[in-house]
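A look at the structure
Listed below are the residues making up each chain.
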Amino acid sequence: AVGLDGAAGHADRLPGVWVLVAFGLGTLAAAYPLAFRVLAFAGIGYLAWLGITAIRHSFHAGEEAPPTARAPSRHAFRDGILIAIGNPKSLIYMLAIIPPFVDAASPIGPQIILLAVLAFAIDVPVGALYIGAGQRLARLVARAATRRWIDRGIGTVFLLIAALVLAELLGTEL
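A short tour of the structure in this document, coming up. (Residues numbered from 1 in each chain as written. Predicted model: local features only at pLDDT ≥ 70, side-chain atom pairs only at ≥ 80, totals over all residues. Heavy atoms only, no water.)

**With respect to the overall build of the protein**
Secondary structure assignment for the protein yields eight helices and zero strands. The linear arrangement of helices and strands in the protein, starting from the amino end, is α-α-α-α-α-α-α-α. Residues classed as buried in the protein amount to 26% of the 174 residues present. Of the contacts formed within the protein by residues at least 6 apart in sequence, a portion of 84% connects residues at least 24 apart. Put simply, the protein shows about 11,400 Å² of open surface, and 72% of that area lies on carbon and sulfur atoms. (Helix = DSSP H or I, 4+ residues; strand = E, 2+ residues; numbered from the N terminus. Buried < 20%, exposed > 50% of the residue type's maximum accessible area, 1.4 Å probe, protein only. Contact = heavy atoms within 4.5 Å. Areas by Shrake-Rupley, 256 points an atom, 1.4 Å probe, with all protein chains shown as cover.)

**Some thoughts on the packing of aromatic side chains**
One pass over the structure, following the stated rule, counts one aromatic pair. Seen in terms of ring centroids, Tyr 46 and Trp 49 are 6.0 Å apart; in terms of plane orientation they differ by 20 degrees. Their pairing is stacked. Linking Tyr 46 with Trp 49, this pair stays in helix α3 (residues 33-58), spanning three residues, or about one helical turn. Looking at Tyr 46, the relative accessible area reads 28%, which means it is partly exposed. Just above the ring of Phe 59 sits the side chain of Arg 152; from NZ or CZ to the centre is 4.6 Å. Here the guanidinium or amino end of Arg 152 rests over the ring plane of Trp 149, the centre of that ring lying 5.4 Å away. (Phe/Tyr/Trp six-rings, centres within 6.5 Å; stacked < 30°, edge-to-face > 60°. Lys NZ or Arg CZ within 6 Å of the ring centre and 35° of its normal.)

**A word on a nonpolar patch on the surface**
Where nonpolar side chains cluster on the molecular surface, the patch consists of Phe 101, Val 157 and Ile 161 and spans about 240 Å² of accessible area. Relative to the assigned elements, Val 157 resides in helix α8 (residues 144-170). (Patch = residues over 30% accessible without salt bridge, like charges linked within 9 Å, V, L, I, M, F, W, Y side chains within 5 Å. Salt bridge = Lys/Arg side-chain N within 4 Å of Asp/Glu carboxyl O.)

**Considerations on the environment of Gly 51**
Secondary-structure assignment places Gly 51 in helix α3. For Gly 51 and Ile 154, which are 103 residues apart along the polypeptide, the C-alpha to C-alpha distance reads 6.8 Å. Discounting chain neighbours no more than four positions away, the residues touching Gly 51 are Gly 155, Phe 158 and Leu 159.

**Side note on the environment of Ala 42**
Relative to the helices and strands, Ala 42 is located in helix α3. According to the relative accessible area criterion, Ala 42 is partly exposed, its value standing at 44%. Note: C-alpha distance between Ala 42 and Pro 99 (57 residues apart in sequence) is 9.1 Å.

**Observations concerning the nonpolar core**
With seven residues, the main nonpolar core is built from Ala 40, Ile 44, Leu 47, Ile 97, Ala 162, Val 165 and Leu 169. Counting residues per element, the ones that place at least two in this core are α3 and α8. If we ignore the near neighbours within four places in the chain, the residues touching Val 165 are Ile 44, Pro 100 and Phe 101. If you look at the next biggest cluster of nonpolar residues, it comprises five residues, including Phe 36, Val 102, Ile 108 and Ile 112. (Core = buried A, V, L, I, M, F, W, Y, C linked by side-chain atoms within 4.5 Å.)

Worth remembering: the numbers are spatial, not functional.
Shown next as structure tokens:
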């Protein structure tokens with residue numbers, strides 16, 4: 001239950017981040033279409049960088065000791081909210097990732113709502129699966145070989161997404 005409370009606290013902030021991103025992207029797309037495209041290409045670069053970093057890390061997965069577990073917090077929901085609010089990476093991540101999936105020529109709001117609903121629909125079950133399988137995953141991830149394959153798989157997925165979005169953007173007018 002602690003894991004679910006923490007995840008719920010973290011997810012509680014997501015609607016606010018989506019609204020901030022929507023207003024920022026809508027204004028940027030309307031006022032500066034080229035800047036919007038540059039941001040989209042920056043998002044592609046960020047995805048590719050994440051993919052390459054994960055794959056590079058996979059070659060050193062056995063060199064560090066796995067982290068030790070600590071006692072769960074009795075205030076997981078509150079802690080999840082505080083972590084989400086105090087960490088600007090989610091806003092930066094979304095500002096970098098969302099633009100490639102938004103058509104600047106169409107109304108931004110409905111697109112952001114659709115993306116937010118899809119992200120939430122994917123994030124909640126995936127988060128629940130991770131939480132439910134946490135102890136089992138911890139035992140598996142303690143093995144360097146497992147960490148290597150996880151890092152390589154995630155890195156490959158990020159690189160594929162970056163390549164697909166790049167192909168999509170290159171197929172549209174600048």
